[in-house]
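Listed below, chain by chain, are the residues.
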Amino acid sequence: MRPVLPGVGLGLGGLLGALALFHPLLLVLAPFLFLWQGAPSLLGLLLVLGRGLLLPLPEPPYGVRVEGVFTVREGFTQWEGHRLRLKRFPPLEDGVYRLKGYLAPPEPRRNPGGLDERTWLLAQGVRGVFHVERAEALSPLPDPRAPWRERLAEGLSPPVREVVEGLVLGDKGGLEEAYPLFQKAGLAHLLAVSGQNVGCWVAALALLPLGRWRYLLALLLLPVYLWLAGPSPSLLRASLMAGLSLLGLFLGLGAAGVLQALGLSLFLQLLHRPEALLGLGFQLSYLAVLGLALVLPALPLPPGARGWLLGGLAASLAAQLPLIPLLLHHFAFLPLLAPLVNLLALPLVALLVPLGLLKLLLGGVLAPLVEPLARTLLALAQAASQGPLLGWGEVSPPGFALYYLALLPPFLALRQLLPWRKALLLASLPVLAGLAARWPQPLDLWALDVGHGDALLARMGGAEVLVDGGRPERGDEVVRALRALGVEALEVVVATHPDADHYGGLLRVVAELPVGLALLSPAFPKDHPLVRALEAKGVPTRYPGAGTRLRVGRGGLEVLWPAVRSGDDNRDGLALLLDFGRARALLLADLPQEVEERLSPGPVAVLKVSHHGARTGTSEALLRRCRPGIALIGAGRNPFGHPHPEVLERLEAHGARVYRTDQMGAVQVSFGYAW
Amino acid sequence: MRVTAFAEASFTPPAPAPVSLNRASLEELEGLPGVGPVLARRILEGRPYARVEDLLRVKGIGPATLERLRPYVRP
């Protein structure tokens, strides 16, 4: 192919340069890119690579104590040239403070599906976290954008105000309850300001009768909107693309093609900061526009209203298709009705965005128009959030590759470079490979990191058992971890005893996921919140004693305790023996040594140490009898001194390798696959 | 059998800067491990301290408590 689009070449070269900063081996692709896109790609590659290598983001000195006066904006501050994320509970409002604390590196991901703070911050050019121990407010920080925001909110009811702030300024701060609805409806992208908003802004100015000078005016006013809404990756992308086109128009060169402008703005954004590539918003924004730019021009559409309707549907599909694996990877579900819902939302948004932009200037006058429109959009999101969701766990790198390989042949067919029958046949190969890879079911035991508490997931070959769920506030994290691991429903949920650091998170799990059977310690009273939650969902609930056996998936579960009731919650906890076929695991809840003495599990491969490693459990005698090779301890910061050094010594003396969630995050013990 | 840990801990927070026994506020003294409002007040009333060991004069601080506090305080 002839390199006719220097913007595309620059962009692709820049992309490869930024990728090579993280995976240098990818540089082997450079010659191929050069053959395809020519000199611009080489220039883009060298400039972005050089930028990243010569001017890397400096690492702040971790562990240093810091004290002084700081300006805090949206949870970030500056210190000696480093941008730092502030960590404090409760978070600090914008303002000037005297702060005292220390610098630490951002945390890597601690659970499947959990936030990867390191990547999230790196994408924003931040490498340090300022842990604030003491904060003294000196003065508030006036926000010069406040009058604009007030005019936007004037005369609107609270839920509508938040939706409109999201639509017009991309401000998701107030949207706590509505945001998940938009996500499940497939409309969350509306709340990230991007092309549509910039388009309205520019179109309004381009209508002025000023000849070609109107383009310059629009170009000069683009930063105003950027300042109002904040430089999110999607808005930066849209502004750059619009800016390039306006510049072209002003200079009499004509508007840049979409692909051309997309490539150029990709190059510029990566040259500014190669790490931006790691941001999810950045990736979604570019891929969606790429989908639109590649598919829409190639589509033969009938004229008239039917063409408009089909075009809208095709646009929605074209923007969504490249995003699917990313959305599944990060959110673990995909709203199947999204293209349809987006088609319905399109006219509403097409009215709401320009009205909202106008409302930034005019205030309350427009409220009677905006209010009903936004209410309709909210109702649509509410209704559509009940629609079917496709669930899928985290996607592996080969999974991404297979997906895009499968998209390629239909795309070539659309461009009439390949007959459709061949294309579908070719596309089905990666799809089959992907499905085949999901056939062997993992056999493993996960100790999730829920701070101080226990949450253990056993995947037993097609059926899953969750034993405890950490404290109540960790419930969402447990649900996210389950979804990320591809767990759609739980065969068995076990609550070993009614301590909050064991049953708490299960409340959320039971509310979010279907459960086949619940096993509860007899220590749970009948009016316990968990018992009620299970009843409300219609989950069959048993209170088993020693000797109960269940077949689960390819393995089994045996209850070893309680044989007798004592009235003490810890002592009446459930001891479980999980049989994975090739290995067995003993889970000891918070049971004391007196109970351990009465258990005879035989040798096991894995031991979930009793009571977060407290001295009251894990006796010599038990270790001698069950000889575990691996010991799991669910612990976090705690005032009890768990795990106790004596217990750690005992485990080591008996040859058990200790894995602690407080030091290692989630721990996976893998026993292989069930075929 | 294969064990995979998600995140190896590589960073331990620095020890807090020692609090001055002679100049710290009541609030700062209460932030010391094992020191409540009552003991903090007694430490305040026992000023001045020439050495950290002078803390033994304060009622409620024995050799064990002194050793526990030692990394966190200076005269």
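In the block above lies the structure referred to throughout.
Computed from a predicted structure; not experimentally measured.

Looking at the overall build of chain A
Then, number 1: Within chain A, the secondary structure is distributed over 26 helices and 21 strands.
Then, number 2: Taking 26 Å as the expected radius of gyration for a compact globule of 675 residues, we find that chain A reaches 28 Å, a close match to that expectation.
Then, number 3: The C-alpha extent of chain A, read off along each of the three principal axes, is 90 × 70 × 55 Å.
Then, number 4: Burial statistics for chain A: of 675 residues in total, 49% are counted as buried.
Then, number 5: Here the contacts in chain A between residues at least 6 apart in sequence split such that 68% fall between residues at least 24 apart.
Then, number 6: Accessible surface, chain A as shown: approximately 31,300 Å² in total, 64% of it carbon and sulfur.
Then, number 7: If you average the places of the 59 positive and of the 51 negative side-chain charges in chain A, the two averages end up 8 Å apart.

Observations concerning the pairing of strand 16 (residues 575-579) of chain A
All names here are of chain A.
Then, number 1: Counted residue by residue, strand 16 has four buried out of five residues, so it is predominantly covered.
Then, number 2: Note that strand 15 (residues 555-561) and strand 16 share five bridges and pair antiparallel. If you follow Gly556 over to strand 16, its bridge partner there is Asp579.
Then, number 3: When strand 16 meets strand 17 (residues 584-587), the two strands line up antiparallel, connected through four bridges. In the sheet register, Leu578 faces strand 17, and the bridge partner there is Ala585.
Then, number 4: Where strand 16 hands over to strand 17, the hairpin turn is made up of four residues, of which Gly581 adopts a positive phi near 90°.

Re the sheet that holds strand 8 (residues 441-447) of chain A
Then, number 1: Here eight strands make up an open sheet; going across it, the order is 13(A)-12(A)-11(A)-10(A)-9(A)-8(A)-21(A)-1(B) and the pairing mixed. At either end of the open sheet lies a strand with only one pairing partner, and these are strand 13 (541-542) of chain A together with strand 1 (2-5) of chain B.
Then, number 2: For strand 11 (residues 490-495) of chain A and strand 12 (residues 515-520) of chain A, the ladder comprises five bridges, and the chain directions are parallel. Bridged to Ala495 of chain A within strand 12 of chain A is Leu520 of chain A.

Quick notes on the packing of aromatic side chains
Residue and element names in this part refer to chain A.
Then, number 1: Counted under the stated rule, the structure contains nine aromatic pairs over all chains.
Then, number 2: On the numbers, 5.9 Å between centres and 85° between planes, the contact of Trp439 with Trp675 is edge-to-face. Residue Trp439 is located in the loop between helix 18 (420-437) and strand 8, and its partner Trp675 is located in the segment after strand 21 (667-674); the two are separated by 236 residues in the primary sequence. Both residues of the pair, Trp439 and Trp675, belong to the exposed class.
Then, number 3: It is Arg83 that lies over the ring of Phe76; its NZ or CZ is 4.3 Å from the centre.
Then, number 4: Across from the ring centre of Trp148, 5.3 Å away, lies the NZ or CZ of Arg151, which sits over that ring.

Focus: the interface of chain B and chain A
Then, number 1: Taken residue by residue, the interface counts 17 residues in chain B and 29 residues in chain A.
Then, number 2: Between chain B and chain A the total buried area reaches about 1,800 Å² when both faces are included, carbon and sulfur atoms providing 63% of it.
Then, number 3: A per-residue breakdown of the area chain B buries against chain A is headed by Met1, Val3 and Phe6 of chain B, which together make up 37% of the total.
Then, number 4: For the pair chain B and chain A, the number of links is one salt bridge.
Then, number 5: We note a salt bridge from Glu27 of chain B to Arg134 of chain A, for which the minimum N-O separation is 3.9 Å.
Then, number 6: Taken together, the links from chain B to chain A amount to five residue pairs in polar contact (both at pLDDT 80 or more).
Then, number 7: Sorting elements by how many residues they give to the side of chain B that touches chain A places strand 1 of chain B first, with four residues.

Calculation criteria
Residues numbered from 1 in each chain as written. Chains lettered and ligands numbered in written order. Predicted model: local features only at pLDDT ≥ 70, side-chain atom pairs only at ≥ 80, totals over all residues. Heavy atoms only, no water. Helix = DSSP H or I, 4+ residues; strand = E, 2+ residues; numbered from the N terminus. Rg over C-alpha atoms; globule rule 2.2 N^0.38 Å. Buried < 20%, exposed > 50% of the residue type's maximum accessible area, 1.4 Å probe, protein only. Contact = heavy atoms within 4.5 Å. Areas by Shrake-Rupley, 256 points an atom, 1.4 Å probe, with all protein chains shown as cover. Lys, Arg positive; Asp, Glu negative; His and termini not counted. Charge placed at Lys NZ, Arg CZ, Asp CG, Glu CD. Pairing = 2+ DSSP bridges. Phe/Tyr/Trp six-rings, centres within 6.5 Å; stacked < 30°, edge-to-face > 60°. Lys NZ or Arg CZ within 6 Å of the ring centre and 35° of its normal. Buried area = accessible area lost by both parts, 1.4 Å probe. Salt bridge = Lys/Arg side-chain N within 4 Å of Asp/Glu carboxyl O. Polar contact = N/O pair within 3.5 Å; in protein donor to acceptor, adjacent residues only side chain to side chain.

In short, the description is geometric, and any link to function would need to be established separately.
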